[in-house]
Amino acid sequence: MRIAVNTRFLIPGQMEGVGYFTQEVFHLLAQTHPDDQFIFFFDRPFDAGIVFPSNVTPVVLTPKAQHALSFRWWFDVKIPLALRKFKADVFISPDGFCSLLTSVPQVLVTHNLAFLHYPKFTSKNLRLFFKRYTPKFFKKATLIATLSEYVKNDIIGTYSIPPEKIFVVHTAAKSIFKSVEWDERQEIKEHYADGCEYFVFVGCIHPLKNVLNLLKAFSLFKKMQQSNMKLIIAGRIAWDLDGVAEKMKTYKYRHDVKMTGYLPEEELVKVVAGAYAMVNPVYFQGFGAPILEAMLCDVPVITSNTSSLPEVGGEAALYADPTNAAEIADKMKMIYTNENIRTQLVEKGRENVLRYSWQKTAELMWQAIEMAVSK
């Protein structure tokens, strides 16, 4: 079988959800199916440091797909031509876009419908693009893969897509996340938090990630506890830096907050593993891999009671209303003052992460590919 994959988010040093998903799933599939051929389509020169399995052919299709017009050119002109040239049997697009002008079977991976639920957190041009083309993508795709039952039901309820057309593949935490010994944890705290305990948030600075409410909750926690606890925000600046920057100018506890920017994987693992707890009060998430990464590190989790997060976290997390800073702060206080709760969350987290693995994700994606080809 000749399997073409949209890998335009496979950019080392800049990868987040879609990029990590693409890297983990399709490198694993290429390795476990050596008799099949994989064609990886990039929209820019790919990093020379990427090591591809021998049955992968990387192909650059320019120009970059960066805005509405270039999206359509890349997906409806360059992709159909490349699929024909390489005689692809199926095309998989992990970023929620597909080609409307090819007859090749397509598996469309949809991470969430955040643009509908929180339209003000999506730029106007992208919002209009998504609203116009998402129903067309769903109609065109042979099969739709989602990362959670929540997203599947959201698509069914919003667009009346037949349930049998949607395949849940889940996702997982990266295996490099793991707990650390006490001595190493002390070194991490010294390096990143002046030797103090700290809460960690992992994600880009974007309104959907709810960083401003996180800062409000941390302020309330500090007022309640009078502790030397720190807050580390680990993630790149995506949008709304001005709002966060303005908040930090007058923020009473600004010296207890460290914003690291985008971190290489090996550093991010340390920052998560050294944390007292992860606080992840995002408004909306299609899956929520960061909370699983924390659980792999034996770090307890506070997250939102919305979207897919209760599905992913199960009984292994504390949940709060992301719009209520006081409720988030109460959960932070609960973990800080009750060691029994913290220990129970760590133990439940170890069990919860066993429900997910990249091997399971890859196997489910392979089933989706075979189903799409058979259709």
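Residues numbered from 1 in each chain as written. Predicted model: local features only at pLDDT ≥ 70, side-chain atom pairs only at ≥ 80, totals over all residues. Heavy atoms only, no water.

**Re the overall build of the protein**
The cut-off we apply is this: For the purposes of this entry, the term helix denotes a DSSP run of H or I that reaches at least four residues, the term strand denotes a run of E that reaches at least two, and both are numbered from the N terminus. The quantity called the radius of gyration is restricted to C-alpha atoms. Its globule counterpart is 2.2 Å times the number of residues to the power 0.38. The rule is simple: take the accessible area with a 1.4 Å probe, protein chains only, and divide by the maximum for that residue type; under 20% is buried, over 50% is exposed, in between is partly exposed. Residue contacts follow a heavy-atom distance rule, with two residues in contact if any of their heavy atoms lie within 4.5 Å. Using a 1.4 Å probe, the Shrake-Rupley method yields the accessible areas, and only the shown protein chains count as cover for residues. This count recognises Lys and Arg as positive and Asp and Glu as negative, with His and chain-terminal groups excluded. One atom stands in for each charge, and that atom is NZ of Lys, CZ of Arg, CG of Asp or CD of Glu.
Along the protein, the regular secondary structure elements total 14 helices and 13 strands. Radius of gyration (C-alpha) of the protein: 21 Å, near the 21 Å computed for a compact globule of 375 residues. Projected onto its principal axes, the C-alpha positions of the protein cover 65 × 40 × 40 Å. Taking all 375 residues of the protein together, the buried fraction comes to 55%. Relative to all contacts within the protein whose residues are 6 or more apart in sequence, the contacts with residues 24 or more apart total 67%. Taken as a whole, the protein presents about 16,400 Å² of accessible surface, with 52% of it coming from carbon and sulfur. Averaging the coordinates of the 43 positive side-chain charges in the protein and doing the same for the 38 negative ones gives two points 9 Å apart.

**Observations concerning the packing of helix H1 (residues 17–32) against helix H14 (residues 358–374)**
Using the following cut-off: In this analysis, axes come from line fits to C-alpha atoms, helices being fitted only over the stretch in contact, and the angle between any two N-to-C directions falls in the range 0 to 180 degrees. Angle categories are assigned with fixed cut-offs, so that under 35 degrees is roughly parallel, over 145 is roughly antiparallel, 65 to 115 is roughly perpendicular, and the rest are oblique.
It is at 9 Å that the axes of H1 and H14 come closest, and there the two elements cross at 75°. As summarised for this structure, H1 and H14 are arranged roughly perpendicular, according to the angle between their axes. Along the contact surface, H1 presents Tyr-20, Phe-21, Glu-24, Val-25, Phe-26, Leu-28 and Leu-29, while H14 presents Trp-358, Gln-359, Thr-361, Ala-362, Met-365, Trp-366 and Ile-369.

**So, the sheet that holds strand E9 (residues 230–234)**
Note the cut-off: We treat two strands as partners when DSSP finds at least two bridges between them.
The sheet built from six strands is open, its strands ordered E10-E9-E8-E11-E12-E13 with parallel pairing. In this open sheet, the two edge strands, each paired with only one partner strand, are strand E10 (257–261) and strand E13 (318–320). Taken pair by pair, the neighbouring strands of this sheet meet at an average axis angle of 25°, ignoring direction. Across three bridges, the pairing between strand E12 (residues 301–304) and E13 is parallel. Bridge pairing in E13 places Ser-304 opposite Ala-320. Running at roughly 160° to E13, helix H12 (residues 325–337) makes contact with strand E8 (198–202), strand E11 (277–280), E12 and E13 of the sheet.

**Considerations on the pattern of salt bridges**
Quick reminder of the rule: Throughout this description, the term salt bridge denotes a Lys or Arg side-chain nitrogen within 4 Å of a carboxyl oxygen of Asp or Glu.
In this structure the tally under the stated criterion is eleven salt bridges. Asp-95 is the salt-bridge partner of Arg-8, the closest N and O atoms lying 2.6 Å from each other. Linking Arg-8 in the loop between strand E1 (2–6) and H1 with Asp-95 in the loop between strand E4 (90–93) and strand E5 (106–110), this pair joins segments that are 87 residues apart in sequence. Classification of Arg-8 by relative accessible area gives buried; the value is 6%. Measuring nitrogen to oxygen at the nearest pair gives 2.8 Å for the salt bridge that ties Asp-43 to Arg-44. Taken together, the shared-partner salt bridges in this structure form one network comprising Glu-24, Lys-174 and Glu-265.

Take it as geometry only, folks, not as evidence of what the structure does.
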